[in-house]
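Here are the chains, one letter per residue:
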Amino acid sequence: MAATMYALILAGGKGERLRPLTDSVPKPMVIVDAQPILAHQVAWLRTAGVTDVVFLVGYLGHMVEGHFGDGADFGVRAHYSYEETPLGRGGAMRKGLGAIPDSGSPVIATNGDVITRANIGDLVDDFHTRTAQNRSHLATILTVPMVSPYGIVDTDADGMVRSFSEKATLPYLINGGVYVLNPAIEALLPEFGDHETTTFPELAASGRMSAVQTDKFWRSVDSFKDLQEVEMYLAGESETIGREKS
């Protein structure tokens, strides 16, 4: 029998910047390439061996459960953790971890608006390696290069413009919103609030968190521009797969 692996998906976002699409569905249920963002995520999580997905839902959460049901049609067992009042992302993760059987196995967690082709196995491998070296290690996170939202102007010492660069990659990394967690992190997560401004800085300061960088495709769907870029990427990916099969 295959080992059980749990994943948490933060699926309670309203997505104000994607209105009117999100007037009737939660942000992670916005359609991209004929499927909700969450469906793409579930398929991606399955590549890492995820068997059980806990959807952390709030705003219009019944629409998530109505689409995925028990998860059988999507190759997973689906579970739902509902927020009666908004808990924040950290609070939602804490509540979701509390609903998972205490097996001691690592849990994957992701924001519900991320579409990426990063290899989750790299994060899992890093987590196990770090834990073997330091039993207090609690998290491995995905990082991605920061791309400038503006055009970059390159000038020389005399102030002469030499070139322009669109979507230039900056010498910084950002949090990719995908994590591998030790379930023991539950006690450190806020009951209300955001883990990225509370728990994560504490773990970093105490040397209990690592990061794995990816250069694979990654987008957080926060705007119509992001939605368009993801659509274009997935359409190109489908075309490539089609050519390979022919």
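Structure: above.
Residues numbered from 1 in each chain as written. Predicted model: local features only at pLDDT ≥ 70, side-chain atom pairs only at ≥ 80, totals over all residues. Heavy atoms only, no water.

### Thoughts on the overall build of the chain
Item 1. Of the regular secondary structure elements, the chain holds 6 helices and 13 strands.
Item 2. Overall, the chain is about 65 × 45 × 40 Å in size when its C-alpha atoms are taken along their principal axes.
Item 3. Look at the contacts in the chain between residues 6 or more apart in sequence, and 73% of them connect residues 24 or more apart.
Item 4. In the structure as shown, the chain presents an accessible area of about 12,900 Å², 53% of it carried by carbon and sulfur atoms.
Item 5. Averaging the coordinates of the 20 positive side-chain charges in the chain and doing the same for the 31 negative ones gives two points 1 Å apart. (Helix = DSSP H or I, 4+ residues; strand = E, 2+ residues; numbered from the N terminus. Contact = heavy atoms within 4.5 Å. Areas by Shrake-Rupley, 256 points an atom, 1.4 Å probe, with all protein chains shown as cover. Lys, Arg positive; Asp, Glu negative; His and termini not counted. Charge placed at Lys NZ, Arg CZ, Asp CG, Glu CD.)

### What about unusual backbone geometry?
With the exception of glycine, most residues fall at negative phi, and the peptide bonds are largely trans.
Item 1. A cis amide bond, omega 15°, links arginine 19 with the succeeding residue proline 20.
Item 2. In this structure, proline 20 sits in the loop between strand 1 (6–10) and strand 2 (31–32).
Item 3. In the Ramachandran plot, leucine 60 falls in the positive-phi region, its phi being about 50° despite a non-glycine side chain.
Item 4. You can see leucine 60 is positioned in the loop between strand 4 (52–57) and helix 2 (61–68).
Item 5. Even without being glycine, lysine 167 reaches a positive phi, approximately 55°.
Item 6. For lysine 167, a relative accessible area of 46% gives the class partly exposed. (Buried < 20%, exposed > 50% of the residue type's maximum accessible area, 1.4 Å probe, protein only.)

### Looking at the environment of histidine 62
Item 1. Among the structural elements, histidine 62 can be located in helix 2.
Item 2. For the pair histidine 62 and valine 25, spaced 37 residues apart in the sequence, the C-alpha separation amounts to 9.6 Å.

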